[in-house]
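Here is how the chains run, residue by residue.
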Amino acid sequence: MTTKILVVDDETDLEILIKQKFRRQIREKEFDFVFAINGLDALEKLKQHTDVDIVLSDINMPEMDGLSLLARLGDISPMIKAVIVSAYGDMDNIRSAMNKGAFDFICKPVNFEDLELTVRKTIKQVAQIKETLKAIKENNILRMYVDETVLKFMSGQEFEKSLRANETVEATVVFIDISGFTAITETEKADTVVNLLNKYFDVMVKEIIAQGGYVDKFMGDAIMAVFRGDFHLDRAIDAALAVREQIERLPKEAIEFSFKPKVSVGINTGELVSGNIGSANLKRLDYTVIGDVVNTAQRLQSAAKPGQIVLSSKAHALVKESFTFKEIGEIVLKNKAVPVLVYEVIE
C-alpha cells in the first residue's frame, strides 16, 4: 500500500535528494512524495491530495513557517502525522513543535537512513490510528444491528470461551407483529415501507428496553424480544401493554389506503436454551434463544388478533393477580397436537 508523504521545505535541493535517496521506494510505489515550498503552499497541496498520511516540514520558511503549519494540520485531518526536519534543533523549537502536535523531530543535515526509519515508524503510527478509527466505525455500525445487551455480553471475558457453549435459562419471549403491514408492502414504494417500519420499530424497541428486555431479532414486520432476570414475565407484559398503547396513539398514515397501526402480541415463559447458534465454518453465529417456549410464543402471536396480547395458561397462572385477563379458551396452534388454553391481557 502506498504512503503519500508531503515534504514542505523552501530548499529545492531537498526535493532532488529525496527523489534520489528514495527512488526504489518510489519506483515500487511504497512511497509517493508531494512537495511544497512553505506552509501556505502545503495547505493548498493538502486540499489537492486528501490522502496524505505524513508531513515532513522545515521550520524556517517564508509566508508560513513549519510551526504555524503544525497548528493548522489538526483542523485538516487528525490522521496526518507530522515530522519536523529542521536545522533549528534547539530544545525550545523541539518542545514547541511537540506541543503543537509533531510526531517526531529530525535535525539537519538530514541522515537519510534515520529519516527512513522515522518515516516507517510514523507509517506504523498512522496505520494504528486508521485501525482504531475503523474499529470504532465498525463498532458503531454493529450497534445499529446488535442489541446493547448482546454487545455487553460479547465484550465480556467469558464470551470467547462460550462461543460454542449454551445455557438453560428461565426467561420470557415476546413476539410483536404489526398487523396488516404486509398489505402496505404490496402497494407502497420500498422507501415508504422501510421508513414506516423503522418508525414503528423505534416506538416498540423503546418500550422493550424501558422494561429491561432486549431485541433478539427483527423478523420482517415483527420483533422477537427476550426478558431475563427478576420478574421477567411481569416486565414483558408491561412492555407489551406499553407497545400496544404507544402504537395505537400513532395517527393514521396518509398512504394509498389509510393505515392505522395495531400490534398482535404473543407471550410465553419458561425454560429455554440461550447461546450462539450458527456455523463456525461460515464464521457466522447468532446469539439467541431456542426451544418450545420460543416456538409457542410465536404461534400465540400468529393466533392473536390486531390489538390482542395473548399468552399461555402457564404464564397466566404466574401473574394472574398482577394484571387483568380475559380467557379466550382453547385454540389449536400450528404443529401442536393438543389444544392450548390461552388468555388475553386486558390491562
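The structure presented is a predicted model; accordingly, all values stated were derived computationally and were not measured.

Rules used in this analysis
Residues numbered from 1 in each chain as written. Predicted model: local features only at pLDDT ≥ 70, side-chain atom pairs only at ≥ 80, totals over all residues. Heavy atoms only, no water. Helix = DSSP H or I, 4+ residues; strand = E, 2+ residues; numbered from the N terminus. Buried < 20%, exposed > 50% of the residue type's maximum accessible area, 1.4 Å probe, protein only. Contact = heavy atoms within 4.5 Å. Areas by Shrake-Rupley, 256 points an atom, 1.4 Å probe, with all protein chains shown as cover. pLDDT = per-residue confidence, 0-100. Axes fitted to C-alpha atoms, helices over the stretch in contact; angles between N-to-C directions. Parallel < 35°, antiparallel > 145°, perpendicular 65-115°, else oblique. Left-handed = near helix turned anticlockwise from the far one by under 90°. Pairing = 2+ DSSP bridges. Phe/Tyr/Trp six-rings, centres within 6.5 Å; stacked < 30°, edge-to-face > 60°. Salt bridge = Lys/Arg side-chain N within 4 Å of Asp/Glu carboxyl O. Polar contact = N/O pair within 3.5 Å; in protein donor to acceptor, adjacent residues only side chain to side chain. Expected span 1.5 Å × (residues − 1). Core = buried A, V, L, I, M, F, W, Y, C linked by side-chain atoms within 4.5 Å.

Things to note about the overall build of the protein
Inference 1: When helices and strands are counted, the protein shows 13 helices and 13 strands.
Inference 2: Here the protein holds 347 residues, and the buried ones make up 46% of them.
Inference 3: Contacts in the protein between residues at least 24 apart in sequence constitute 65% of all its contacts with a sequence separation of at least 6.
Inference 4: Carbon and sulfur atoms form 51% of the exposed surface of the protein, whose accessible area is close to 19300 Å².

Focus on the confidence of the model for the protein
Inference 1: Confidence in the prediction of the protein, expressed as mean pLDDT, is 82, and 84% of residues score 70 or more.
Inference 2: The lowest-confidence element of the protein is helix α8 (residues 158–161), averaging 46 in pLDDT; the highest-confidence one is strand β2 (residues 31–36), averaging 94.
Inference 3: Per-residue pLDDT stays below 50 along residues 156–164; that stretch engages in 11 contacts with residues further than four places along the chain or on separate chains.

With respect to the packing of helix α3 (residues 39–48) against helix α4 (residues 66–76)
The angle between the axes and the distance between the axes are what describe a pair of packed helices.
Inference 1: At a minimum axis distance of 10 Å, the contact between α3 and α4 shows a crossing angle of 15°. In terms of their interaxial angle, α3 and α4 are classed as roughly parallel. Relative to α4, α3 is oriented so that their crossing is right-handed. Together, G39, A42, L43 and L46 of α3 and L69, R72, L73 and I76 of α4 make up the contact between the two elements.

A look at the sheet that holds strand β1 (residues 3–8)
Inference 1: Spatially, β2-β1-β3-β4-β5 is the arrangement adopted by the 5 strands of the open sheet, whose pairing is parallel. Either end of the sheet is taken by a strand with one partner, and the two such strands are β2 and β5 (104–107). Shown here is a sheet whose adjacent strand axes are inclined to one another by a mean of 25°, direction ignored.
Inference 2: Running over the sheet, helix α1 (residues 12–21) touches β1 and β2 and is turned about 175° from β2.
Inference 3: Seen against the sheet, α4 touches β1, β3 (52–57) and β4 (81–86) and runs at an angle of roughly 160° to β3.

Observations concerning the packing of aromatic side chains
Inference 1: For the structure shown, the criterion picks out 7 aromatic pairs.
Inference 2: When the ring of F31 is compared with that of F33, the centres are 6.1 Å apart and the planes differ by 85°; the resulting orientation is edge-to-face. Like F33, F31 is buried.
Inference 3: Feature note: the residues F22, F31, F33, F35 and F112 constitute an aromatic cluster, connected by ring pairs.

Quick notes on the pattern of salt bridges
Inference 1: Counted according to the given criterion, the structure contains 15 salt bridges.
Inference 2: In this structure, K108 engages D9 in a salt bridge whose closest nitrogen and oxygen atoms are separated by 2.6 Å. Separated by 99 residues along the polypeptide, K108 in the loop between β5 and α6 (112–145) and D9 in the loop between β1 and α1 bring together distant segments of the chain.
Inference 3: By relative accessible area, K108 is classed as buried at 19%.
Inference 4: Residue E28 is joined to R24 by a salt bridge in which the shortest nitrogen-to-oxygen separation is 3.2 Å.
Inference 5: Three or more residues are tied together by salt bridges with common partners; here these are D9, E11, D58 and K108.

Comments concerning the side chain of D104
Inference 1: Structurally, D104 can be placed in strand β5.
Inference 2: On the accessibility criterion, D104 (17% relative accessible area) is buried.
Inference 3: Only 2.7 Å separates the side chain of D104 from the side chain of K121, close enough to count as a polar contact.
Inference 4: Each residue touching D104, except ones within four places of it in the same chain, is listed here: A82, V83, I84, M98, T118 and K121.

Examining helix α10 (residues 190–210)
Inference 1: Over its 21 residues, α10 extends 30 Å from the first C-alpha to the last, a length consistent with the 30 Å expected when each residue adds 1.5 Å.
Inference 2: Within α10 the residues assigned to the buried category are V193, L196, L197, Y200, F201, V203, M204, V205, E207 and I208.
Inference 3: One or two steps after α10, the chain reaches G212, where phi turns positive at roughly 80°.

A closer look at the environment of N93
Inference 1: Relative to the helices and strands, N93 is located in helix α5 (residues 91–99).
Inference 2: For N93, a relative accessible area of 16% translates into the label buried.
Inference 3: For the pair N93 and F105, spaced 12 residues apart in the sequence, the C-alpha separation amounts to 9.5 Å.
Inference 4: With near-sequence residues (within four places) excluded, N93 lies in contact with I59, L67, Y88 and F105.

So, the nonpolar core
Inference 1: Formed by 39 residues in total, the largest nonpolar core has its most connected members in F181, Y200, M204, I237 and I267.
Inference 2: For this core, the leading source of residues is α10, giving 9 residues.
Inference 3: Listed in part, the 22 residues of the second largest apolar core include V34, A42, L46 and I84.

Considerations on the pairing of strand β11 (residues 309–312)
Inference 1: Residues I309 and L311 of β11 are buried on one face, and the alternating residues V310 and S312, pointing to the opposite face, are buried as well.
Inference 2: Where β11 and strand β13 (residues 340–345) come together, 3 bridges link them in antiparallel fashion. Note that in β13 the partner of V310 across the bridge is E344.

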